[in-house]
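Residues per chain are reported as follows:
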Amino acid sequence: MTTIAFIGLGNMGAPMAINLAKAGHDVHAFDLSREAIAKVVAEGGTAAVSAQDAVEGAKVVITMLPASPHVEALFLGKDGAPGLLTHIAPGTLVIDSSTIAAASSQKVAKAADAAGIDFMDAPVSGGTGGAIAGTLTFMVGGTASQLERARPYLEKMGGNIFHAGPVGAGQTAKICNNMLLGILMIGTSEAIALGVANGLDPKVLSEIMRRSSGGNWALEKYNPFPGVHENAPASKGYAGGFGTDLMLKDLGLAQENASHVKASTPLGGLARSIYAQHSLKGNGGLDFSSIIQAFQPRA
Ligand code: NAD
């Protein structure tokens, strides 16, 4: 049994922390939301009153926060206040599973290294369903020995563990994947909306495309049309899942990265604009598959 500090218990972090607790680890759970902490405590975690309290005595620290500013502020400090790195014991393994800029991961890793702390990026794919089932895909950025230290814990939360390269490489792999995901969800939504406008049954059409050359992850597991997949966010009023604003963040990271390396990503840029319009209409908190509403007639 290992004492693990888990910070950030949202749609993804809570089920990941619960899987570690169920595997017998002592999980010190912290989030800014008390309800989020209570959810993990109800499944075997131990409540921490602060991030500093959570890392006390922990051999492993895992973070699952929204974006780069949250991760940098937590570890490096903000407005003159010291960051969590000053409270983490040397020799501790820190695994950041948030999706953030590769440059932010590298910045935190450099400061951690100076303090004798092992920091690696390990963003995930697989959605909330994968987080609950413990079948996430981890994309790891770090050294091979850091990955081997992390593997026993990652295996309790995920099925596929890939070593993408040095620190930051996990984040680069993740934004490539999410750029593709953002684009494919828009394409899938357009196709279903077109079929439905022509009188096709969305379930029948989805099944035809799933088994044809248009088959993809959304058609397999995460259909954007309500009622096609019982457990998908679309069938729950687009609640939970992966927020539109988080997808917007990831597409922004992809565009920043593309500018940096002078890559051409026209569909990624267009997808970012389409999700931005959707967010501006007040849909930022809805699951990103609600993008289908942009292609449907108003109710
Ligand atoms: P979320 O908004 O549901 O959860 C984030 C949690 O972090 C919230 O509970 C918030 O209170 C907490 N938090 C923020 N700042 C904090 C701080 N300083 N200390 C402690 N807690 C803090 O987000 P999510 O959907 O769980 O996503 C988390 C990360 O995982 C994001 O980077 C996202 O892009 C990525 N991700 C999400 C999904 C998905 O399907 N939801 C899939 C893969 C990756």
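Note that the structure is a prediction, hence the values are computed from the model and not measured.

What follows covers the side chain of Asp96. Here Asp96 is to be found in strand S7 (residues 93-96). Lys249 provides the closest opposite charge to the buried, unpaired Asp96, separated from it by 9.3 Å. In terms of polar contacts, Asp96 uses its side chain to reach the side chain of Ser98, at 2.6 Å. Not counting residues within four places of it along the chain, the set of residues in contact with Asp96 comprises Thr63, Val71, Phe119, Met120, Asp121, Ala122, Pro123 and Gln171.

Before going further, it helps to spend a moment on the site of the ligand. Taken together, 23 residues are adjacent to the ligand, and Asn11, Met12, Asp31, Pro66 and Lys249 come closest. One of the backbone nitrogen or oxygen atoms of Asn11 is found 2.9 Å away from an oxygen atom of the ligand. Lys249 places a side-chain nitrogen or oxygen 2.8 Å from an oxygen atom of the ligand. Starting from 840 Å² of accessible surface for the ligand in isolation, the protein chains cover 85%. At the level of elements, helix H6 (127-133) and helix H11 (244-261) are the ones that each hand at least two residues to the shell around the ligand. Residue classes in the shell around the ligand are distributed as 11 nonpolar, nine polar and three charged. Summarising the domain contributions, the shell around the ligand has at least three residues from each of domain 1 (3-165) and domain 2 (172-294).

Helix H12 (residues 266-283) packs onto helix H8 (residues 169-197) with a crossing angle of 65 degrees between their chain directions and a minimal axis gap of 9 Å. Classified by the angle their axes make, H8 and H12 are roughly perpendicular. Of the two elements, H8 crosses H12, and the hand of that crossing is left-handed. Residue-level inspection shows Met179, Gly182, Ile183, Met185 and Ile186 of H8 in contact with H12, the latter providing Leu267, Gly268, Ala271, Ile274 and Tyr275. Its residues placed into classes, the contact of H8 with H12 shows eight nonpolar, two polar and no charged.

Attention shifts here to the UniProt feature "domain: 6-phosphogluconate dehydrogenase NADP-binding" (unreviewed entry) in the protein. UniProt's feature table lists "domain: 6-phosphogluconate dehydrogenase NADP-binding" (unreviewed entry) at residues 3-165, given in the numbering used throughout. End C-alpha atoms of residues 3-165 are separated by 27 Å, and the span's content is 39% helix alongside 27% strand.

What follows deals with the pattern of salt bridges. In the structure shown here, the tally under the stated rule is eight salt bridges. Note that Glu72 and Lys107 form a salt bridge whose closest N and O atoms lie 2.9 Å from each other. Placement of the pair is Glu72 in helix H4 (residues 68-76) and Lys107 in helix H5 (residues 102-114), with a sequence separation of 35 residues. Take Lys107: its relative accessible area is 46%, and that puts it in the partly exposed class.

Turning next to the packing of aromatic side chains. Inspection of every chain in the model, using the stated rule, returns four aromatic pairs. With 5.8 Å between their ring centres and 80 degrees between their planes, Phe75 and Phe119 make a pair best called edge-to-face. Separated by 44 residues along the polypeptide, Phe75 in helix H4 and Phe119 in strand S8 (residues 118-121) bring together distant segments of the chain. By relative accessible area, which is 1% here, Phe75 ends up buried. Measuring from centroid to centroid gives 5.5 Å for Phe242 and Phe288, while their planes differ by 70 degrees, and the two rings are edge-to-face. Linking Phe242 in the loop between helix H10 (217-221) and H11 with Phe288 in the segment after H12, this pair joins segments that are 46 residues apart in sequence. Phe288 carries the same exposure label as Phe242, and that label is buried. The rings of Trp217, Tyr222, Phe242 and Phe288 are connected pair by pair, giving a single aromatic cluster.

Turning our eyes to something else, we now look at the UniProt feature "active site" (unreviewed entry) in the protein. Under the feature "active site" (unreviewed entry), the UniProt entry names Lys174. As for its placement among the helices and strands, Lys174 is situated in helix H8. Relative accessible area serves as the criterion here: at 6%, Lys174 is assigned to the buried category.

Right, let's get into helix H2 (residues 34-41). For H2, the full list of buried residues reads Ala36, Ile37 and Val40. Projected down its long axis, H2 carries its buried residues within an arc of 100 degrees, all on one side. Of the residues in H2, the exposed ones pointing more than 90 degrees away from the buried face are Arg34, Glu35 and Lys39. The opening residue of H2, the one whose side-chain oxygen lies 3.4 Å from the backbone nitrogen of Glu35, is Ser33.

Rules of the game
- Residues numbered from 1 in each chain as written.
- Predicted model: local features only at pLDDT ≥ 70, side-chain atom pairs only at ≥ 80, totals over all residues.
- Heavy atoms only, no water.
- Helix = DSSP H or I, 4+ residues; strand = E, 2+ residues; numbered from the N terminus.
- Buried < 20%, exposed > 50% of the residue type's maximum accessible area, 1.4 Å probe, protein only.
- Lys, Arg positive; Asp, Glu negative; His and termini not counted.
- Salt bridge = Lys/Arg side-chain N within 4 Å of Asp/Glu carboxyl O.
- Polar contact = N/O pair within 3.5 Å; in protein donor to acceptor, adjacent residues only side chain to side chain.
- Contact = heavy atoms within 4.5 Å.
- Near = heavy atom within 4 Å.
- Areas by Shrake-Rupley, 256 points an atom, 1.4 Å probe, with all protein chains shown as cover.
- Nonpolar A, V, L, I, M, F, W, Y, C, P; charged D, E, K, R; others polar.
- Domains from an automatic or database assignment.
- Axes fitted to C-alpha atoms, helices over the stretch in contact; angles between N-to-C directions.
- Parallel < 35°, antiparallel > 145°, perpendicular 65-115°, else oblique.
- Left-handed = near helix turned anticlockwise from the far one by under 90°.
- UniProt positions renumbered as here; feature names shortened; annotations may be inferred.
- Phe/Tyr/Trp six-rings, centres within 6.5 Å; stacked < 30°, edge-to-face > 60°.
- Arc of directions from axis to C-beta.

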